[in-house]
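Now for the letters of each chain:
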Amino acid sequence: MNDKHMQIGEVAARTELSLRTIRHYEESGLVAPSARSQGGFRLYTETDVARLMVIRRMKPLGFTLDQMRDLLDATDRLDSGEDLDAGEREALMDRVRAYEQAATEQVDRLRVQLSRAEDFAATLRTRLEQGAAATEPS
């Protein structure tokens, strides 16, 4: 990935996360700036942005900070290029598979909730249309 460094404001704009949220994730050990400027400003890379995007996508699915940390640890180790034995690699892949399964199940639950919400909104719309028609002069 590109080695260009970005300040936290640019990262916040790109990830649609607040500065406060990014700092919270840093304090929680989920992400760390790749560097600091001479003035002490946090500097991030594309890799850091990609990591924040994983976190951002996990949050609405109800994953905890510990679960986010666990998944990121597994993917970091898989992507590290270090020599993993077959058993260790498979154990890491199993962790990632478990998160994929949990995410898929939560997406399905959210689809059901969305469908119910859309039905409810349509019911209200119909009621309003009926009420408006009843008050129109004939």
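For the structure, see preceding data.
Here we summarise the structure given alongside this text. Small disclaimer: the values here were computed from a predicted structure and weren't measured.

Moving on to the overall build of the protein. Broken down by element type, the protein carries 5 helices and 3 strands. N-terminal to C-terminal, the α/β element order of the protein is β-α-α-β-β-α-α-α. Computed over its C-alpha atoms, the radius of gyration of the protein comes to 22 Å, more than 25% above the 14 Å expected for a compact globule of 138 residues. Seen along its three principal axes, the alpha-carbon backbone of the protein occupies a region of about 80 × 45 × 25 Å. Classification of the 138 residues of the protein by burial places 25% in the buried group. By sequence separation, contacts in the protein at least 24 residues apart represent 51% of the contacts at least 6 residues apart. Summed over all atoms, the accessible surface of the protein reaches about 9500 Å², with 52% contributed by carbon and sulfur. Here the protein contributes 20 positive and 25 negative side-chain charges, whose respective centroids are spaced 6 Å apart.

A word on the layout of surface pockets. Quantified by volume, the largest pocket comes out at close to 210 Å³. Top element by residues in the lining of the largest pocket is helix α4 (residues 65-79). It accounts for 5 residues. Across the lining of the largest pocket, the residue classes break down as 5 nonpolar, 2 polar and 3 charged.

Next up on the list: the sheet that holds strand β3 (residues 42-44). Read across the open sheet, the 3 strands follow the order β1-β3-β2; overall the sheet is antiparallel. Each having just a single partner strand, β1 (6-7) and β2 (35-36) make up the two edges of the open sheet. One ladder, built from 2 bridges, connects β1 with β3; its direction is antiparallel. In the strand pairing of β3, Met 6 is matched with Tyr 44.

This part is about helix α3 (residues 46-58). Helix length check: α3 (13 residues) gives 19 Å between terminal C-alpha atoms against 18 Å at 1.5 Å per residue, within 8%. Within the span of α3, buried status applies to Asp 48, Val 49, Leu 52, Met 53, Ile 55 and Met 58. Buried residues along α3 sit against β1, α1 (8-15), α2 (19-27), β3, α4 and α5 (86-135).

Before going further, it helps to examine the packing of aromatic side chains. With the rule as written, the count across this model stands at 1 aromatic pair. Seen from their ring centres, Phe 63 and Tyr 99 are 5.8 Å apart, and the 55 degrees between their planes marks the pair as tilted. Of the two residues, Phe 63 sits in the loop between α3 and α4 while Tyr 99 sits in helix α5, which places them 36 residues apart along the sequence. Judged on exposure class, the residue Phe 63 and its partner Tyr 99 are both buried.

Bringing unusual backbone geometry into the picture now. For Glu 16, which is not glycine, the phi dihedral falls at a positive 60 degrees. Residue placement: Glu 16 occurs in the loop between α1 and α2. Residue Glu 16 is classed as exposed on the basis of its relative accessible area of 66%.

Calculation rules
- Residues numbered from 1 in each chain as written.
- Predicted model: local features only at pLDDT ≥ 70, side-chain atom pairs only at ≥ 80, totals over all residues.
- Heavy atoms only, no water.
- Helix = DSSP H or I, 4+ residues; strand = E, 2+ residues; numbered from the N terminus.
- Rg over C-alpha atoms; globule rule 2.2 N^0.38 Å.
- Buried < 20%, exposed > 50% of the residue type's maximum accessible area, 1.4 Å probe, protein only.
- Contact = heavy atoms within 4.5 Å.
- Areas by Shrake-Rupley, 256 points an atom, 1.4 Å probe, with all protein chains shown as cover.
- Lys, Arg positive; Asp, Glu negative; His and termini not counted.
- Charge placed at Lys NZ, Arg CZ, Asp CG, Glu CD.
- 1 Å grid on protein atoms, 1.4 Å probe; cavity = no way out; pocket = protein on both sides within 12 Å on 5 of 7 lines; lining within 4 Å.
- Points joined across faces, edges and corners; volume = space filled by probe spheres on them.
- Nonpolar A, V, L, I, M, F, W, Y, C, P; charged D, E, K, R; others polar.
- Pairing = 2+ DSSP bridges.
- Expected span 1.5 Å × (residues − 1).
- Phe/Tyr/Trp six-rings, centres within 6.5 Å; stacked < 30°, edge-to-face > 60°.

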